[in-house]
Amino acid sequence: MTLSTRTVVFGPARLCIEDIVALSRRTAAARLDTDAAFTQRISAGAQYLDRLLEEEGQIYGVTTGYGDSCTVGIPMDLVSELPHHLYTYHGCGLGEYFNPPQTRAILAARLASLTRGYSGVSMGLLQQLTALITHDILPRVPAEGSVGASGDLTPLSYVVAAMCGERDVVVQDELMSAATALQAAGLEPLRLRPKEGLAMMNGTAVMTALACLAWDKARYVSDMATRITALAVATAAGNAYHFDEALFAAKPHPGQQRVAARLRADISDIGSEQRLQDRYSLRCAPHVIGVLEDALPFLRSTIENELNSANDNPLIDPQEMRLLHGGHFYGGHIAFAMDSLKNLVANVADLLDRQMALLVDARYNHGLPANLSGATGPRAAINHGLKALQISVSAWTAEALKLTMPASVFSRSTECHNQDKVSMGTIAARDCLRVLQLTEQVLAAMLITVRQGVQLRAREGGATVQLGAGAAAFVRELEQDIAFIDEDVALEPLLRQLMRKIDGQAWSMYDQAHS
Ligand SMILES: N[C@@H](Cc1ccc(O)cc1)C(=O)O
(Lines give C-alpha, C1' and ligand atoms only; values in the text may rest on other atoms or scores of the structure.)
Protein backbone atom coordinates (compact mmCIF):
# COMPACT_ATOMS: atom_id res chain seq x y z
CA MET A 1 0.00 0.00 0.00
CA THR A 2 1.53 3.30 -1.07
CA LEU A 3 0.42 6.42 0.69
CA SER A 4 1.59 9.62 -0.91
CA THR A 5 2.95 12.46 1.17
CA ARG A 6 -0.42 14.18 0.92
CA THR A 7 -2.19 14.46 4.26
CA VAL A 8 -5.77 15.45 4.92
CA VAL A 9 -5.99 17.29 8.23
CA PHE A 10 -9.23 16.91 10.15
CA GLY A 11 -9.91 20.00 12.24
CA PRO A 12 -11.50 23.37 11.72
CA ALA A 13 -10.39 23.71 8.06
CA ARG A 14 -12.95 23.02 5.37
CA LEU A 15 -12.57 19.75 3.47
CA CYS A 16 -13.37 19.19 -0.18
CA ILE A 17 -14.61 16.28 -2.26
CA GLU A 18 -11.09 15.58 -3.51
CA ASP A 19 -9.90 15.04 0.10
CA ILE A 20 -12.47 12.30 0.59
CA VAL A 21 -11.72 10.75 -2.80
CA ALA A 22 -7.98 10.73 -2.06
CA LEU A 23 -8.58 9.00 1.28
CA SER A 24 -10.89 6.49 -0.38
CA ARG A 25 -8.17 5.64 -2.89
CA ARG A 26 -5.48 5.70 -0.22
CA THR A 27 -3.50 8.34 -2.05
CA ALA A 28 -3.60 10.52 1.06
CA ALA A 29 -3.16 9.94 4.77
CA ALA A 30 -5.41 11.31 7.51
CA ARG A 31 -4.49 13.06 10.73
CA LEU A 32 -6.18 15.15 13.37
CA ASP A 33 -5.33 18.82 13.68
CA THR A 34 -2.85 19.33 16.52
CA ASP A 35 -3.58 23.02 16.93
CA ALA A 36 -4.24 23.83 20.59
CA ALA A 37 -7.41 25.79 19.83
CA PHE A 38 -8.86 22.71 18.14
CA THR A 39 -7.96 20.20 20.84
CA GLN A 40 -9.24 22.59 23.50
CA ARG A 41 -12.54 22.96 21.68
CA ILE A 42 -12.96 19.18 21.54
CA SER A 43 -12.12 18.74 25.23
CA ALA A 44 -14.38 21.66 26.18
CA GLY A 45 -17.32 19.93 24.46
CA ALA A 46 -16.73 16.67 26.32
CA GLN A 47 -16.26 18.49 29.63
CA TYR A 48 -19.40 20.56 29.16
CA LEU A 49 -21.33 17.33 28.62
CA ASP A 50 -19.83 15.84 31.81
CA ARG A 51 -20.87 18.90 33.74
CA LEU A 52 -24.40 18.75 32.40
CA LEU A 53 -24.58 15.13 33.44
CA GLU A 54 -23.37 15.87 36.96
CA GLU A 55 -26.06 18.47 37.27
CA GLU A 56 -28.46 15.80 36.03
CA GLY A 57 -29.87 18.05 33.34
CA GLN A 58 -32.00 16.35 30.74
CA ILE A 59 -29.97 15.51 27.66
CA TYR A 60 -31.62 13.71 24.78
CA GLY A 61 -29.99 10.34 24.10
CA VAL A 62 -27.86 10.61 27.24
CA THR A 63 -30.38 10.62 30.04
CA THR A 64 -33.28 9.59 27.81
CA GLY A 65 -34.08 6.75 25.43
CA TYR A 66 -33.61 7.24 21.70
CA GLY A 67 -35.96 8.72 19.16
CA ASP A 68 -39.60 8.31 20.09
CA SER A 69 -38.35 6.79 23.37
CA CYS A 70 -37.04 10.25 24.41
CA THR A 71 -39.82 10.31 27.00
CA VAL A 72 -38.17 7.40 28.83
CA GLY A 73 -35.76 8.52 31.57
CA ILE A 74 -32.51 6.55 32.00
CA PRO A 75 -31.45 5.79 35.61
CA MET A 76 -28.03 7.37 36.27
CA ASP A 77 -26.37 4.00 36.93
CA LEU A 78 -27.34 2.81 33.41
CA VAL A 79 -26.33 5.96 31.49
CA SER A 80 -22.90 4.52 30.65
CA GLU A 81 -24.39 1.40 29.07
CA LEU A 82 -26.80 3.30 26.82
CA PRO A 83 -24.44 4.11 23.90
CA HIS A 84 -23.49 0.44 23.57
CA HIS A 85 -27.15 -0.46 23.35
CA LEU A 86 -27.59 2.04 20.52
CA TYR A 87 -25.16 0.37 18.14
CA THR A 88 -26.18 -3.08 19.29
CA TYR A 89 -29.88 -2.81 18.44
CA HIS A 90 -29.01 -1.09 15.14
CA GLY A 91 -26.98 -4.11 14.06
CA CYS A 92 -29.70 -5.13 11.62
CA GLY A 93 -28.36 -4.01 8.24
CA LEU A 94 -28.62 -6.21 5.18
CA GLY A 95 -27.70 -6.26 1.50
CA GLU A 96 -24.27 -6.00 -0.09
CA TYR A 97 -21.40 -4.62 1.97
CA PHE A 98 -19.90 -1.27 1.01
CA ASN A 99 -16.63 -1.83 -0.84
CA PRO A 100 -13.25 -0.68 0.59
CA PRO A 101 -13.09 2.74 -1.15
CA GLN A 102 -16.68 3.46 -0.09
CA THR A 103 -15.99 2.35 3.48
CA ARG A 104 -12.91 4.57 3.72
CA ALA A 105 -14.96 7.50 2.47
CA ILE A 106 -17.60 6.78 5.13
CA LEU A 107 -15.01 6.82 7.93
CA ALA A 108 -13.59 10.08 6.61
CA ALA A 109 -17.01 11.74 6.27
CA ARG A 110 -17.94 10.85 9.85
CA LEU A 111 -14.62 12.17 11.11
CA ALA A 112 -15.16 15.39 9.12
CA SER A 113 -18.46 15.99 10.89
CA LEU A 114 -17.23 15.18 14.40
CA THR A 115 -14.21 17.46 14.02
CA ARG A 116 -16.55 20.44 13.56
CA GLY A 117 -16.46 20.31 17.35
CA TYR A 118 -20.19 20.30 18.01
CA SER A 119 -20.66 16.68 19.01
CA GLY A 120 -19.30 16.49 22.54
CA VAL A 121 -17.06 13.52 21.75
CA SER A 122 -13.70 12.87 23.39
CA MET A 123 -10.33 13.19 21.71
CA GLY A 124 -10.00 9.43 22.27
CA LEU A 125 -12.96 8.71 20.00
CA LEU A 126 -11.58 10.94 17.24
CA GLN A 127 -8.23 9.18 17.56
CA GLN A 128 -9.81 5.74 17.31
CA LEU A 129 -11.71 6.73 14.16
CA THR A 130 -8.54 8.23 12.66
CA ALA A 131 -6.69 5.03 13.55
CA LEU A 132 -9.17 2.92 11.56
CA ILE A 133 -8.39 5.10 8.53
CA THR A 134 -4.63 4.99 9.09
CA HIS A 135 -4.46 1.23 9.62
CA ASP A 136 -7.05 0.66 6.89
CA ILE A 137 -9.24 -1.33 9.26
CA LEU A 138 -12.50 -1.30 7.35
CA PRO A 139 -15.73 -2.10 9.20
CA ARG A 140 -17.95 -4.41 7.19
CA VAL A 141 -20.95 -2.18 6.63
CA PRO A 142 -24.15 -3.50 5.02
CA ALA A 143 -25.52 -1.01 2.51
CA GLU A 144 -29.23 -1.29 3.27
CA GLY A 145 -31.34 -0.14 6.18
CA SER A 146 -30.99 3.65 6.37
CA VAL A 147 -33.87 6.04 5.74
CA GLY A 148 -31.28 8.80 5.71
CA ALA A 149 -32.98 11.06 8.18
CA SER A 150 -32.24 9.83 11.60
CA GLY A 151 -28.86 9.87 10.14
CA ASP A 152 -27.42 6.73 8.65
CA LEU A 153 -28.01 5.03 11.99
CA THR A 154 -27.90 1.39 11.00
CA PRO A 155 -24.88 1.41 8.66
CA LEU A 156 -22.93 3.70 11.01
CA SER A 157 -23.62 1.32 13.90
CA TYR A 158 -21.14 -1.02 12.18
CA VAL A 159 -18.45 1.67 12.29
CA VAL A 160 -18.84 2.43 15.97
CA ALA A 161 -19.16 -1.27 16.82
CA ALA A 162 -15.81 -1.92 15.12
CA MET A 163 -14.24 0.92 17.09
CA CYS A 164 -15.46 -0.88 20.22
CA GLY A 165 -13.95 -4.17 19.04
CA GLU A 166 -17.23 -5.74 17.93
CA ARG A 167 -18.48 -7.21 14.61
CA ASP A 168 -16.32 -7.77 11.54
CA VAL A 169 -13.79 -5.77 9.60
CA VAL A 170 -11.76 -6.23 6.43
CA VAL A 171 -8.02 -5.60 6.60
CA GLN A 172 -6.12 -5.91 3.33
CA ASP A 173 -8.84 -8.08 1.80
CA GLU A 174 -8.97 -10.35 4.84
CA LEU A 175 -12.17 -10.71 6.83
CA MET A 176 -11.59 -10.84 10.59
CA SER A 177 -13.20 -9.84 13.85
CA ALA A 178 -12.81 -6.21 14.84
CA ALA A 179 -11.30 -7.35 18.14
CA THR A 180 -8.51 -9.21 16.33
CA ALA A 181 -7.82 -6.32 13.97
CA LEU A 182 -7.65 -3.74 16.77
CA GLN A 183 -5.29 -5.92 18.74
CA ALA A 184 -3.03 -6.51 15.74
CA ALA A 185 -2.81 -2.74 15.24
CA GLY A 186 -2.08 -2.16 18.94
CA LEU A 187 -5.40 -0.42 19.55
CA GLU A 188 -7.67 -0.78 22.58
CA PRO A 189 -11.40 -1.31 22.00
CA LEU A 190 -13.17 1.94 22.75
CA ARG A 191 -15.52 2.30 25.71
CA LEU A 192 -18.04 4.94 24.67
CA ARG A 193 -18.74 7.95 26.80
CA PRO A 194 -22.30 9.22 27.10
CA LYS A 195 -23.62 10.61 23.79
CA GLU A 196 -20.75 9.13 21.76
CA GLY A 197 -22.88 6.40 20.21
CA LEU A 198 -25.32 9.02 18.95
CA ALA A 199 -22.50 11.26 17.77
CA MET A 200 -21.09 8.42 15.67
CA MET A 201 -24.39 7.24 14.24
CA ASN A 202 -26.89 10.08 14.20
CA GLY A 203 -25.57 11.69 11.01
CA THR A 204 -25.33 11.70 7.23
CA ALA A 205 -21.83 10.25 6.79
CA VAL A 206 -22.78 7.30 4.60
CA MET A 207 -24.78 9.22 2.03
CA THR A 208 -22.31 12.13 2.10
CA ALA A 209 -19.35 9.81 1.52
CA LEU A 210 -21.11 8.13 -1.39
CA ALA A 211 -22.05 11.57 -2.75
CA CYS A 212 -18.39 12.64 -2.77
CA LEU A 213 -17.45 9.53 -4.74
CA ALA A 214 -20.41 9.95 -7.09
CA TRP A 215 -19.61 13.61 -7.80
CA ASP A 216 -16.03 12.73 -8.65
CA LYS A 217 -17.13 9.98 -11.03
CA ALA A 218 -19.77 12.21 -12.62
CA ARG A 219 -17.23 14.92 -13.37
CA TYR A 220 -15.16 12.35 -15.23
CA VAL A 221 -18.24 11.06 -17.07
CA SER A 222 -18.85 14.61 -18.31
CA ASP A 223 -15.32 14.87 -19.72
CA MET A 224 -15.35 11.45 -21.32
CA ALA A 225 -18.78 11.91 -22.84
CA THR A 226 -17.57 15.16 -24.43
CA ARG A 227 -14.45 13.57 -25.89
CA ILE A 228 -16.46 10.58 -27.12
CA THR A 229 -18.97 12.92 -28.75
CA ALA A 230 -16.15 14.60 -30.68
CA LEU A 231 -14.98 11.21 -31.93
CA ALA A 232 -18.55 10.15 -32.70
CA VAL A 233 -18.92 13.25 -34.91
CA ALA A 234 -15.62 12.33 -36.59
CA THR A 235 -16.85 8.76 -37.13
CA ALA A 236 -20.23 9.87 -38.50
CA ALA A 237 -18.69 12.51 -40.78
CA GLY A 238 -20.78 15.07 -38.95
CA ASN A 239 -20.33 18.80 -38.47
CA ALA A 240 -18.23 20.76 -36.01
CA TYR A 241 -20.13 23.98 -36.80
CA HIS A 242 -22.93 22.90 -34.49
CA PHE A 243 -20.56 23.89 -31.66
CA ASP A 244 -19.74 27.35 -33.03
CA GLU A 245 -18.64 29.96 -30.49
CA ALA A 246 -21.08 32.65 -31.68
CA LEU A 247 -23.90 30.11 -31.56
CA PHE A 248 -23.16 29.28 -27.93
CA ALA A 249 -22.57 32.88 -26.93
CA ALA A 250 -26.28 33.31 -27.61
CA LYS A 251 -27.22 30.80 -24.89
CA PRO A 252 -25.44 31.78 -21.73
CA HIS A 253 -25.19 28.55 -19.74
CA PRO A 254 -21.50 28.48 -18.79
CA GLY A 255 -21.23 24.69 -18.49
CA GLN A 256 -22.89 24.16 -21.83
CA GLN A 257 -20.56 26.75 -23.35
CA ARG A 258 -17.63 24.90 -21.83
CA VAL A 259 -18.71 21.61 -23.43
CA ALA A 260 -19.08 23.36 -26.80
CA ALA A 261 -15.63 24.92 -26.42
CA ARG A 262 -14.13 21.53 -25.65
CA LEU A 263 -15.79 20.08 -28.74
CA ARG A 264 -14.45 22.96 -30.84
CA ALA A 265 -10.95 22.23 -29.59
CA ASP A 266 -11.42 18.55 -30.41
CA ILE A 267 -12.87 18.83 -33.91
CA SER A 268 -12.89 21.39 -36.71
CA ASP A 269 -14.63 21.28 -40.07
CA ILE A 270 -12.67 20.49 -43.20
CA GLY A 271 -15.64 20.99 -45.54
CA SER A 272 -18.12 18.92 -47.59
CA GLU A 273 -20.78 18.18 -45.02
CA GLN A 274 -22.87 15.03 -45.45
CA ARG A 275 -25.98 16.52 -43.91
CA LEU A 276 -26.78 20.14 -43.11
CA GLN A 277 -27.84 19.40 -39.55
CA ASP A 278 -26.73 16.32 -37.63
CA ARG A 279 -29.21 14.38 -35.54
CA TYR A 280 -29.76 15.54 -31.96
CA SER A 281 -27.50 13.03 -30.23
CA LEU A 282 -24.59 14.76 -32.00
CA ARG A 283 -25.88 18.30 -32.52
CA CYS A 284 -27.38 18.70 -29.04
CA ALA A 285 -24.62 16.96 -27.09
CA PRO A 286 -23.63 20.24 -25.34
CA HIS A 287 -27.27 20.67 -24.38
CA VAL A 288 -27.26 17.28 -22.63
CA ILE A 289 -23.73 17.06 -21.22
CA GLY A 290 -23.88 20.79 -20.48
CA VAL A 291 -26.69 20.34 -17.98
CA LEU A 292 -24.46 17.99 -16.00
CA GLU A 293 -21.53 20.36 -16.42
CA ASP A 294 -23.60 23.31 -15.18
CA ALA A 295 -24.94 21.34 -12.23
CA LEU A 296 -21.55 20.12 -11.00
CA PRO A 297 -20.41 23.33 -9.25
CA PHE A 298 -23.75 23.67 -7.49
CA LEU A 299 -23.74 20.00 -6.49
CA ARG A 300 -20.18 20.34 -5.25
CA SER A 301 -21.12 23.18 -2.92
CA THR A 302 -24.15 21.28 -1.61
CA ILE A 303 -22.15 18.10 -0.99
CA GLU A 304 -19.24 19.98 0.58
CA ASN A 305 -21.55 21.98 2.85
CA GLU A 306 -22.95 18.70 4.14
CA LEU A 307 -19.45 17.23 4.43
CA ASN A 308 -18.35 20.20 6.54
CA SER A 309 -21.42 20.21 8.75
CA ALA A 310 -22.09 19.05 12.26
CA ASN A 311 -24.87 16.67 11.26
CA ASP A 312 -25.76 14.89 14.48
CA ASN A 313 -28.12 15.62 17.33
CA PRO A 314 -28.11 17.08 19.89
CA LEU A 315 -25.31 19.54 19.14
CA ILE A 316 -23.11 20.76 21.91
CA ASP A 317 -21.73 24.26 21.59
CA PRO A 318 -18.65 24.29 23.82
CA GLN A 319 -18.12 28.02 23.47
CA GLU A 320 -21.58 29.27 24.29
CA MET A 321 -22.17 26.31 26.64
CA ARG A 322 -25.42 25.45 24.95
CA LEU A 323 -27.11 22.19 24.17
CA LEU A 324 -28.98 22.45 20.88
CA HIS A 325 -31.67 19.91 20.07
CA GLY A 326 -32.51 19.72 16.37
CA GLY A 327 -32.59 17.56 13.27
CA HIS A 328 -29.26 18.04 11.44
CA PHE A 329 -29.08 14.30 10.69
CA TYR A 330 -31.70 14.93 8.00
CA GLY A 331 -30.02 14.31 4.63
CA GLY A 332 -32.38 16.29 2.41
CA HIS A 333 -29.62 18.14 0.57
CA ILE A 334 -27.72 14.98 -0.30
CA ALA A 335 -30.95 13.27 -1.31
CA PHE A 336 -31.67 16.10 -3.72
CA ALA A 337 -28.07 16.15 -5.00
CA MET A 338 -28.05 12.42 -5.65
CA ASP A 339 -31.54 12.23 -7.13
CA SER A 340 -30.52 15.06 -9.48
CA LEU A 341 -27.11 13.70 -10.32
CA LYS A 342 -28.39 10.25 -11.23
CA ASN A 343 -30.89 11.87 -13.60
CA LEU A 344 -28.17 14.01 -15.22
CA VAL A 345 -25.78 11.08 -15.60
CA ALA A 346 -28.41 8.70 -16.97
CA ASN A 347 -29.27 11.31 -19.59
CA VAL A 348 -25.63 11.28 -20.68
CA ALA A 349 -25.73 7.46 -20.90
CA ASP A 350 -28.82 7.80 -23.06
CA LEU A 351 -27.12 10.39 -25.28
CA LEU A 352 -24.20 8.03 -25.86
CA ASP A 353 -26.55 5.11 -26.46
CA ARG A 354 -28.26 7.15 -29.19
CA GLN A 355 -24.88 8.07 -30.69
CA MET A 356 -23.95 4.41 -30.83
CA ALA A 357 -27.25 3.59 -32.50
CA LEU A 358 -26.37 6.07 -35.27
CA LEU A 359 -22.82 4.86 -35.69
CA VAL A 360 -23.53 1.14 -36.06
CA ASP A 361 -26.43 1.61 -38.47
CA ALA A 362 -25.39 1.76 -42.13
CA ARG A 363 -28.51 3.83 -42.84
CA TYR A 364 -27.23 6.69 -40.69
CA ASN A 365 -23.45 6.43 -40.47
CA HIS A 366 -22.63 7.96 -43.84
CA GLY A 367 -20.91 5.14 -45.61
CA LEU A 368 -19.41 2.99 -42.86
CA PRO A 369 -19.99 -0.78 -42.68
CA ALA A 370 -22.93 -2.18 -40.75
CA ASN A 371 -22.11 -2.73 -37.05
CA LEU A 372 -18.79 -0.97 -37.73
CA SER A 373 -17.34 -4.36 -38.64
CA GLY A 374 -13.83 -4.10 -40.01
CA ALA A 375 -14.04 -7.37 -41.97
CA THR A 376 -13.86 -7.14 -45.75
CA GLY A 377 -14.33 -9.55 -48.67
CA PRO A 378 -16.13 -12.86 -48.21
CA ARG A 379 -15.39 -12.88 -44.46
CA ALA A 380 -17.55 -9.77 -44.00
CA ALA A 381 -20.58 -12.07 -44.20
CA ILE A 382 -19.78 -13.98 -41.01
CA ASN A 383 -18.54 -11.04 -38.96
CA HIS A 384 -21.00 -9.01 -36.90
CA GLY A 385 -18.75 -6.29 -35.50
CA LEU A 386 -20.29 -4.35 -32.62
CA LYS A 387 -23.83 -5.72 -32.99
CA ALA A 388 -23.96 -7.39 -29.58
CA LEU A 389 -22.08 -4.57 -27.91
CA GLN A 390 -24.80 -2.17 -29.01
CA ILE A 391 -27.47 -4.47 -27.58
CA SER A 392 -25.58 -4.47 -24.27
CA VAL A 393 -25.41 -0.68 -24.33
CA SER A 394 -29.17 -0.58 -24.83
CA ALA A 395 -29.61 -2.81 -21.77
CA TRP A 396 -27.21 -0.82 -19.58
CA THR A 397 -28.82 2.44 -20.62
CA ALA A 398 -32.33 1.16 -19.94
CA GLU A 399 -31.26 0.01 -16.49
CA ALA A 400 -29.66 3.37 -15.74
CA LEU A 401 -32.75 5.26 -16.87
CA LYS A 402 -34.99 2.99 -14.82
CA LEU A 403 -33.07 3.97 -11.67
CA THR A 404 -33.72 7.69 -12.09
CA MET A 405 -36.96 7.56 -10.13
CA PRO A 406 -36.26 9.94 -7.23
CA ALA A 407 -35.73 8.21 -3.89
CA SER A 408 -36.61 11.24 -1.79
CA VAL A 409 -40.27 11.16 -2.79
CA PHE A 410 -40.59 7.77 -1.11
CA SER A 411 -40.36 9.30 2.35
CA ARG A 412 -42.41 7.38 4.86
CA SER A 413 -43.23 7.75 8.49
CA THR A 414 -41.24 5.37 10.65
CA GLU A 415 -40.09 4.75 14.22
CA CYS A 416 -43.48 5.20 15.89
CA HIS A 417 -44.01 8.42 13.87
CA ASN A 418 -41.03 10.17 15.47
CA GLN A 419 -39.29 9.99 12.11
CA ASP A 420 -42.42 10.86 10.17
CA LYS A 421 -40.56 12.59 7.32
CA VAL A 422 -37.24 11.18 6.13
CA SER A 423 -34.80 11.94 3.29
CA MET A 424 -34.01 8.55 1.70
CA GLY A 425 -30.71 10.21 0.75
CA THR A 426 -28.72 7.03 1.21
CA ILE A 427 -30.90 5.15 -1.24
CA ALA A 428 -30.56 8.07 -3.67
CA ALA A 429 -26.76 7.96 -3.33
CA ARG A 430 -26.62 4.19 -3.86
CA ASP A 431 -28.86 4.52 -6.93
CA CYS A 432 -26.63 7.28 -8.20
CA LEU A 433 -23.50 5.13 -7.89
CA ARG A 434 -25.24 2.29 -9.70
CA VAL A 435 -26.33 4.65 -12.50
CA LEU A 436 -22.72 5.81 -12.71
CA GLN A 437 -21.47 2.24 -12.95
CA LEU A 438 -23.89 1.48 -15.79
CA THR A 439 -22.93 4.73 -17.50
CA GLU A 440 -19.25 3.85 -17.20
CA GLN A 441 -20.09 0.59 -18.95
CA VAL A 442 -21.65 2.61 -21.75
CA LEU A 443 -18.51 4.76 -21.85
CA ALA A 444 -16.31 1.66 -22.12
CA ALA A 445 -18.40 0.40 -25.04
CA MET A 446 -18.28 3.79 -26.70
CA LEU A 447 -14.49 3.90 -26.42
CA ILE A 448 -14.37 0.69 -28.45
CA THR A 449 -16.95 2.11 -30.86
CA VAL A 450 -15.24 5.40 -31.62
CA ARG A 451 -11.79 3.85 -31.73
CA GLN A 452 -13.15 1.46 -34.40
CA GLY A 453 -15.17 4.22 -36.05
CA VAL A 454 -12.35 6.72 -36.44
CA GLN A 455 -10.18 4.12 -38.17
CA LEU A 456 -13.02 2.99 -40.42
CA ARG A 457 -13.72 6.61 -41.38
CA ALA A 458 -10.08 7.02 -42.37
CA ARG A 459 -10.31 3.80 -44.40
CA GLU A 460 -13.64 4.56 -46.08
CA GLY A 461 -12.97 8.27 -46.68
CA GLY A 462 -15.51 11.08 -46.60
CA ALA A 463 -14.10 12.70 -43.47
CA THR A 464 -15.69 16.06 -42.68
CA VAL A 465 -13.81 17.01 -39.52
CA GLN A 466 -10.23 17.10 -38.40
CA LEU A 467 -9.18 16.13 -34.88
CA GLY A 468 -7.50 18.65 -32.59
CA ALA A 469 -4.27 17.74 -30.81
CA GLY A 470 -5.95 16.49 -27.60
CA ALA A 471 -8.45 14.31 -29.41
CA ALA A 472 -5.81 12.92 -31.77
CA ALA A 473 -3.52 12.04 -28.85
CA PHE A 474 -6.46 10.37 -27.12
CA VAL A 475 -7.15 8.21 -30.20
CA ARG A 476 -3.50 7.13 -30.24
CA GLU A 477 -3.81 6.15 -26.56
CA LEU A 478 -6.99 4.21 -27.26
CA GLU A 479 -5.21 2.34 -30.05
CA GLN A 480 -2.75 1.04 -27.45
CA ASP A 481 -5.54 -0.62 -25.48
CA ILE A 482 -8.07 -1.48 -28.14
CA ALA A 483 -7.24 -3.51 -31.22
CA PHE A 484 -9.06 -2.75 -34.48
CA ILE A 485 -11.82 -5.36 -34.84
CA ASP A 486 -11.97 -7.15 -38.17
CA GLU A 487 -12.67 -10.68 -36.96
CA ASP A 488 -15.35 -11.14 -34.25
CA VAL A 489 -13.99 -11.22 -30.73
CA ALA A 490 -15.47 -11.67 -27.25
CA LEU A 491 -15.16 -8.17 -25.80
CA GLU A 492 -15.77 -8.78 -22.09
CA PRO A 493 -12.09 -8.83 -21.00
CA LEU A 494 -11.44 -5.61 -22.89
CA LEU A 495 -14.57 -3.99 -21.44
CA ARG A 496 -13.44 -4.91 -17.92
CA GLN A 497 -9.99 -3.51 -18.55
CA LEU A 498 -11.50 -0.26 -19.83
CA MET A 499 -13.81 -0.11 -16.79
CA ARG A 500 -10.77 -0.28 -14.53
CA LYS A 501 -9.15 2.56 -16.44
CA ILE A 502 -12.30 4.68 -16.28
CA ASP A 503 -12.60 4.02 -12.54
CA GLY A 504 -8.95 5.04 -12.11
CA GLN A 505 -9.54 8.11 -14.32
CA ALA A 506 -6.55 7.01 -16.36
CA TRP A 507 -6.97 9.59 -19.13
CA SER A 508 -6.91 13.27 -18.32
CA MET A 509 -8.84 15.19 -20.90
CA TYR A 510 -9.67 18.83 -20.29
CA ASP A 511 -8.67 21.70 -18.05
CA GLN A 512 -10.70 21.43 -14.83
CA ALA A 513 -10.60 25.10 -13.90
CA HIS A 514 -14.36 25.50 -13.62
CA SER A 515 -15.87 22.54 -11.80
N1 LIG B 1 -32.18 10.61 15.15
C2 LIG B 1 -32.90 10.57 16.38
C3 LIG B 1 -32.22 9.61 17.25
C4 LIG B 1 -32.52 8.17 17.11
C5 LIG B 1 -31.52 7.29 17.39
C6 LIG B 1 -31.72 5.95 17.36
C7 LIG B 1 -32.95 5.45 17.05
O8 LIG B 1 -33.13 4.11 17.02
C9 LIG B 1 -33.98 6.30 16.73
C10 LIG B 1 -33.74 7.66 16.76
C11 LIG B 1 -32.93 11.94 17.03
O12 LIG B 1 -31.90 12.57 17.19
O13 LIG B 1 -33.97 12.40 17.35
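Sequence positions are assigned chain by chain, starting from 1 and proceeding in written order. Reporting in this predicted model follows two pLDDT cut-offs: at least 70 for local features of residues, and 80 or more for side-chain atom pairs to be given and counted; totals over whole chains, interfaces and linings ignore these cut-offs and use all residues.

(A) Geometry of the overall build of the protein. For helices the rule is a DSSP run of H or I covering at least 4 residues; for strands it is a run of E covering at least 2, with both sets numbered from the N terminus onward. The helix and strand tally for the protein stands at 18 helices and 11 strands. When we talk radius of gyration, it's over C-alpha atoms, and the globule rule is simply 2.2 Å times the number of residues to the 0.38. Taking 2.2 N^0.38 as the reference for a compact globule, 515 residues should give roughly 24 Å; the C-alpha atoms of the protein span a radius of gyration of 26 Å, in line with that estimate. By residue count, 49% of the 515 residues in the protein fall in the buried class. Within the protein, counting contacts between residues at least 6 apart in sequence, those at least 24 apart form 80% of the total. Residues with at least 20 neighbouring C-beta atoms inside 10 Å of their own are called buried, those with 12 or fewer are called exposed, and the rest are partly exposed, where every C-beta is derived from the backbone. Think of it this way: build a C-beta for each residue from its backbone, and any pair within 7 Å is a contact.

(B) Focus on the domain arrangement of the protein. Where each domain starts and ends follows an automatic or database-derived domain assignment. By the assigned domains, the protein splits into domain 1 (7-203) and domain 2 (210-312 + 320-412 + 420-503). For domain 1 and domain 2, the distance between their C-alpha centroids amounts to 37 Å. Put simply, the parts of the chain that give the side of domain 1 that touches domain 2 at least two residues each are α1 (17-24), α2 (36-54), α4 (100-114) and α8 (196-201). A total of six residues in the side of domain 1 that touches domain 2 trace back to one element, the largest contributor, which is α4.

(C) Highlighting helix α18 (residues 492-503). Compared with the 16 Å implied by 1.5 Å per residue over 12 residues, the 16 Å span of α18 between its first and last C-alpha is a close match. After α18 finishes, the residue Q505 shows a positive phi value of roughly 50 degrees. One fewer than the residue count of a helix, multiplied by 1.5 Å, yields its expected span.

(D) Broad picture of the sheet that holds strand β7 (residues 174-177). Paired strands are those between which DSSP finds at least two bridges. One open sheet holds the three strands; their spatial order is β4-β6-β7, and the pairing between them is antiparallel. With partners counted over all chains shown, the strands left at the sheet margins are β4 (137-139) and β7, one partner each. If you compare each strand with its neighbour and ignore which way they point, the axes differ by 40 degrees on average. The pairing of strand β6 (residues 168-171) with β7 spans four bridges and is antiparallel. Bridging across to β7, D168 finds its partner in S177. Every axis in this analysis is a line fitted to C-alpha atoms, fitted for helices over the stretch in contact. Angles between the N-to-C directions lie between 0 and 180 degrees.

(E) Local environment of the packing of helix α13 (residues 285-307) against helix α14 (residues 332-360). At a minimum axis distance of 10 Å, the contact between α13 and α14 shows a crossing angle of 160 degrees. By the angle class used here, α13 and α14 are roughly antiparallel. Considering the relative orientation of α13 and α14, their crossing is left-handed. Listed contacts from α14 to A285, V288, I289, V291, L292, A295, L299, T302, I303 and E306 of α13 are H333, I334, A337, S340, L341, L344, V345, N347, V348 and L351. A class-by-class count of the residues in the contact of α13 with α14 yields 15 nonpolar, four polar and one charged. Put simply, angles under 35 degrees are roughly parallel, angles over 145 are roughly antiparallel, angles from 65 to 115 are roughly perpendicular, and the rest are oblique. Note on convention: the crossing is left-handed when the near helix lies turned anticlockwise from the far helix by less than a right angle, right-handed when the turn is clockwise. Just so you know the grouping, Ala, Val, Leu, Ile, Met, Phe, Trp, Tyr, Cys and Pro go in nonpolar, Asp, Glu, Lys and Arg go in charged, and all remaining residues, Gly too, go in polar.

(F) Region of the structure containing the pairing of strand β2 (residues 29-32). Bridge count between strand β1 (residues 7-10) and β2: four bridges; the pairing is parallel. Its bridge partner being in β2, T7 is matched across the sheet by A29.

(G) Structural context of unusual backbone geometry. For the bond from N313 to P314, the omega torsion is -10 degrees, close enough to zero to count as cis. Note on placement: P314 falls in the loop between α13 and β9 (315-317). With phi around 80 degrees, K195 is a residue other than glycine that occupies positive phi space. Looking at the secondary structure, you find K195 in the loop between α7 (178-184) and α8. At M424, a position not held by glycine, the phi torsion is positive, near 60 degrees. When the 25 C-beta atoms within 10 Å are taken as the criterion, M424 is described as buried.

(H) Quick peek at the packing of helix α16 (residues 425-460) against helix α17 (residues 469-481). Here α16 crosses α17 at 110 degrees, and the two axes come no closer than 10 Å. One way to sum up the angle between α16 and α17 is to call them roughly perpendicular. The segment α16 lies against α17, with L447, R451 and V454 engaging V475, L478 and E479. Class assignment of the residues belonging to the contact of α16 with α17 gives a composition of four nonpolar, no polar and two charged.

(I) Spotlight on the environment of S423. Note on placement: S423 falls in the loop between α15 (387-402) and α16. Judged by the 27 C-beta atoms lying within 10 Å of it, S423 is buried. Linking S423 and A335, residues 88 residues apart in sequence, is a C-alpha distance of 6.1 Å. The residues contacting S423, other than those within four sequence positions of it, are G148, A149, Y330, G331, G332, A335 and S408.

(J) Local environment of α15. Its 16 residues place the ends of α15 23 Å apart at the C-alpha level, agreeing with the 22 Å of an ideal helix rising 1.5 Å per residue. Burial in α15 covers these residues: L389, Q390, V393, W396, T397 and A400. All buried residues of α15 fall inside an arc of 120 degrees around its axis, so they share one side. For α15, the exposed residues set more than 90 degrees away from the buried face come down to I391 and K402. Tucked inside the fold, the buried residues of α15 contact α14 and α16. To be clear, the arc concerns the directions from the helix axis to the C-beta atoms.

(K) Up close: the environment of M207. Its place among the elements puts M207 in helix α9 (residues 205-236). In the structure, M207 is positioned 98 residues away from A109 in sequence and 9.2 Å away in space, judged by C-alpha atoms. Setting aside residues no more than four positions away along its own chain, M207 makes contact with G148, D152, G331, I334, G425, T426 and A429.

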